[in-house]
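Secondary and tertiary structure notes
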There are 2 protein chains.
Amino acid sequence: MEVKVMKSIVGVNQEIADANRKQFEKKGIVAVNIMASPGAGKTSLILALAEKLKNKADIYVIEGDIASTIDAQKMEENGIPVIQINTGGGCHLDANMVQVAAKDLDIRDNSLLFIENVGNLVCPAAFDLGESIRLVLASTPEGHDKPYKYLGMFESADMVVINKMDVKEYVGFDNEIFYKGLRSLNEKAPVFEISCRTGKGIDELADWLKDKVDAG
Amino acid sequence: MEVKVMKSIVGVNQEIADANRKQFEKKGIVAVNIMASPGAGKTSLILALAEKLKNKADIYVIEGDIASTIDAQKMEENGIPVIQINTGGGCHLDANMVQVAAKDLDIRDNSLLFIENVGNLVCPAAFDLGESIRLVLASTPEGHDKPYKYLGMFESADMVVINKMDVKEYVGFDNEIFYKGLRSLNEKAPVFEISCRTGKGIDELADWLKDKVDAG
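Quick caveat: nothing in here was measured; it's all calculated off a predicted structure.

Overlaying chain A with chain B gives an RMSD of 0.0 Å, the required rotation being 180° about an axis along which the chain moves by 0.0 Å. Expressed as a symmetry operation, the mapping of one chain copy onto the other fits a two-fold axis. Taken as a fraction of all interface residues of chain A, those also at the interface in chain B reach 100%, which identifies the copy contact as same-surface.

Before going further, it helps to spend a moment on the packing of aromatic side chains. Counted according to the given criterion, the structure contains eight aromatic pairs over all chains. With a centroid separation of 5.9 Å and 85° between ring planes, the pair formed by Phe 154 of chain B and Phe 178 of chain B is classed as edge-to-face. Here Phe 178 of chain B lies in helix H8 (residues 175-185) and Phe 154 of chain B lies in helix H6 (residues 151-155), a separation of 24 residues in the sequence. Just as Phe 154 of chain B is buried, Phe 178 of chain B falls in that class too. Ring centres of Phe 173 of chain B and Phe 178 of chain B lie 5.5 Å apart, and the angle between their planes is 45°; this geometry places the pair in the tilted category. This pair shows no difference in class: Phe 173 of chain B is buried, exactly as Phe 178 of chain B is. Above the face of the Tyr 170 of chain B ring, Arg 197 of chain A is positioned so that its terminal group lies 4.6 Å from the ring centre.

Residue and element names in this part refer to chain B. One can find Gly 130 in the loop between strand S5 (112-116) and strand S6 (133-139). A residue is classified by how much of its surface remains accessible, and Gly 130, at 1% relative accessible area, is buried. With 36 residues separating them along the chain, Gly 130 and Asp 94 place their C-alpha atoms 9.3 Å apart. In contact with Gly 130, other than residues within four places in its own chain, are Ala 17, Asn 20, Arg 21 and Phe 24.

This part takes up the confidence of the model for chain A. Across chain A, pLDDT averages 94, with 95% of residues at or above 70. Here the complex is predicted with pTM 0.90, and the ipTM for its interfaces comes to 0.85.

Among all positions in helix H3 (residues 70-77) of chain B, only Asp 71, Ala 72 and Met 75 of chain B are buried. Along H3 of chain B, the residues classed as buried sweep out an arc of 95° about the axis, all on the same side. Where H3 of chain B is buried, its residues touch helix H5 (146-149) of chain A together with helix H2 (42-53), strand S3 (59-65), strand S4 (82-86) and S5 of chain B. Positive phi appears at Gly 79 of chain B, one or two residues downstream of H3 of chain B, with a value of about 70°.

Of all the seven residues making up strand S6 (residues 133-139) of chain A, seven are buried; the element is thus mostly covered by neighbouring parts of the structure. Of the two faces of S6 of chain A, the one lined by Ile 133, Leu 135, Leu 137 and Ser 139 of chain A and the one lined by Arg 134, Val 136 and Ala 138 of chain A are each fully buried.

Turning to the interface of chain A and chain B, a few remarks are in order. Contacts between the two partners involve 33 residues from chain A and, on the opposite side, 33 residues from chain B. With both chains or domains summed, chain A and chain B bury close to 2,500 Å², and 58% of this area falls on carbon and sulfur atoms. Of all residues in chain A, Pro 38, Lys 149 and Tyr 170 of chain A bury the most surface against chain B, accounting for 25% of the area lost on that side. Summed over the shared surface of chain A and chain B, the result is two salt bridges. Residue Asp 71 of chain B is joined to Lys 149 of chain A by a salt bridge in which the shortest nitrogen-to-oxygen separation is 2.7 Å. Counting residues per element, the ones that place at least two in the side of chain A that touches chain B are helix H3 (70-77), H5 and helix H7 (168-171) of chain A. Its residues assigned to classes, the side of chain A that touches chain B shows 16 nonpolar, six polar and 11 charged.

Turning to the side chain of Gln 84 of chain B, a few remarks are in order. Mapped onto the elements of the fold, Gln 84 of chain B is located in strand S4. A distance of 3.4 Å separates a polar atom in the side chain of Gln 84 of chain B from the backbone oxygen of Glu 63 of chain B.

Residue and element names in this part refer to chain A. Packing of helix H2 (residues 42-53) against helix H9 (residues 202-215) leaves a shortest axis separation of 9 Å and a crossing angle of 70°. Here H2 lies roughly perpendicular to H9, going by the angle between them. Facing H2, whose interface residues are Leu 45, Ala 48, Leu 49, Lys 52 and Leu 53, H9 presents Ile 202, Asp 203, Leu 205, Ala 206, Leu 209 and Lys 210. Looking at the contact of H2 with H9 residue by residue, the class counts come to eight nonpolar, no polar and three charged.

What follows covers the pairing of strand S7 (residues 159-163) of chain A. Residue and element names in this part refer to chain A. Buried residues dominate S7, accounting for five of its five residues. Burial along S7 is two-sided: Met 159, Val 161 and Asn 163 facing one way and Val 160 and Ile 162 facing the other are all buried. In the sheet, S6 pairs with S7 via five bridges, with the strands oriented parallel. Bridging from a neighbouring strand, Ala 138 pairs with Ile 162 of S7. Across three bridges, the pairing between S7 and strand S8 (residues 191-193) is parallel. When the bridges of S8 are listed, Val 160 appears paired with Val 191.

Reading the values: rules and limits
Going along each chain's sequence as written, the residues are numbered from 1 onward. In the order they appear in the text, chains get letters beginning with A and ligands get numbers beginning with 1. Thresholds applied to this predicted model are a pLDDT of at least 70 for local features of residues and 80 or more for the giving and counting of side-chain atom pairs; totals over whole chains, interfaces and linings are not thresholded and use all residues. Heavy atoms throughout the structure, all of them, feed into the side-chain values; hydrogens and water do not. Residues reaching a pLDDT of at least 70 in both copies supply the C-alpha atoms on which the copies are superposed by least squares. Any two residues whose heavy atoms approach within 4.5 Å at even a single point are treated as in contact. Classification of ring pairs rests on two measures: the distance between centres of Phe, Tyr or Trp rings, Trp counted by its six-membered ring, which must be within 6.5 Å, and the angle between planes, read as stacked under 30 degrees, edge-to-face over 60 and tilted in between. Here a strand is any run of E in DSSP of at least two residues, a helix any run of H or I of at least four, and the numbering for each starts at the N terminus. Throughout, exposure labels follow a simple rule: accessible area from a 1.4 Å probe, protein chains only, divided by the maximum for the residue type, with under 20% read as buried, over 50% as exposed, and the rest as partly exposed. Whether a charge sits over a ring depends on NZ of Lys or CZ of Arg being within 6 Å of the ring centre and within 35 degrees of the ring normal. Known as pLDDT, the predictor's per-residue confidence is scaled from 0 to 100. By arc we mean the arc of the directions from the helix axis to the C-beta atoms, nothing more. Defined here as a combined quantity, buried area equals the accessible surface (1.4 Å probe) lost by two parts on assembly, summed across both. When a carboxyl oxygen of Asp or Glu is within 4 Å of a side-chain nitrogen of Lys or Arg, the pair counts as a salt bridge. Put simply, Ala, Val, Leu, Ile, Met, Phe, Trp, Tyr, Cys and Pro go in the nonpolar bin, Asp, Glu, Lys and Arg in the charged bin, and everything else, Gly too, in the polar bin. In protein, a polar contact means a hydrogen-donor-capable atom and an acceptor-capable atom, both N or O and within 3.5 Å, with residues adjacent in sequence counting only if both atoms are side-chain atoms; elsewhere, any N or O pair within 3.5 Å suffices. Fitting a line to C-alpha atoms yields each axis, with helices limited to the stretch in contact; the angle taken between N-to-C directions then spans 0 to 180 degrees. Relative orientations are named as follows: roughly parallel for angles under 35 degrees, roughly antiparallel for angles over 145 degrees, roughly perpendicular for angles from 65 to 115 degrees, and oblique for any other angle. Paired strands are those between which DSSP finds at least two bridges.

As structure tokens, then:
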């Protein structure tokens, strides 16, 4: 497994993001920027979707973390091509990191690229990576008030996934309050309620992403 | 309730933090900088401790959020003097914000000041606020791998609190892996295992903080 230690390049980010987007579109690659709090279940989500889409779509993963290769190791154990980016303290991925990693991954045309951003509901929202889809992953134990506090993140989401629905009742997560906050910022983003633990909702989400790849 | 919208002042942070620390020490104020992921339970922890310490210690709260006054409202409903700081996008509190808020709170000598930082396991670790104690709050649904990924945060902690121990078994949180990661970075920080939901461990933690105030 390859590990890259890279520093952010500020300023040129948008330019590189635009180039990434152009390249992804040209090759029919659907790049999903997955953003969430630490521990919301980003890695579990990718593993669950990769399992469902096995033999249906080519899947690649870019793992972003401040440090460690824990998540990338899980991908490798499941036979998924992956590159780990360590930001060395940086609180988000940037477009340059993604460009370098995507080149090294040598991604086939018409495939699905999951980009797991650094666990953080603040900084990643401000950095375009050139992704096709910005997926914000919430989880019920974090509470239903997150859209009221992390405006930039939920405002910029193309889709929202709520994980850990299996513990919803126990942790007192109120769907109505969550949706009300989300819809005040973001009228259109589709919402998927899932549980990576029980498998709830994974089929629908996998089908939805597969449709995007087929349409690309 | 007062709401302050403030921008970070970079560079002069350490100087102001040192001044804050000197002022807190002079007045015997124990200032606890509470840092955690979004939804780990920072606000619930403060409310639980305030309830236990009622009539035993004077308690004040500075609430840090990017936006909203949700947490400060909960403090006011419980009769706790509070100031809400909205960072307007900034991913951490800084020493200047705390200095201004602490002045406005007009804190009595020999009291306990809880500073709830922005929900984020990255940025707040790098900013000294002049606090007496850096409290890092983890929670079992986030997973036992967090000390391996958020090095700066766990390395700099004076104490670590693990919340949501009541769902530990269900979410598959492994104490041994967590402690091993933590101790590789931080040999000394005491660890408290609690549940704000069931009340487990709150007494011990409240007593420990009360001792700090009495010793101050």
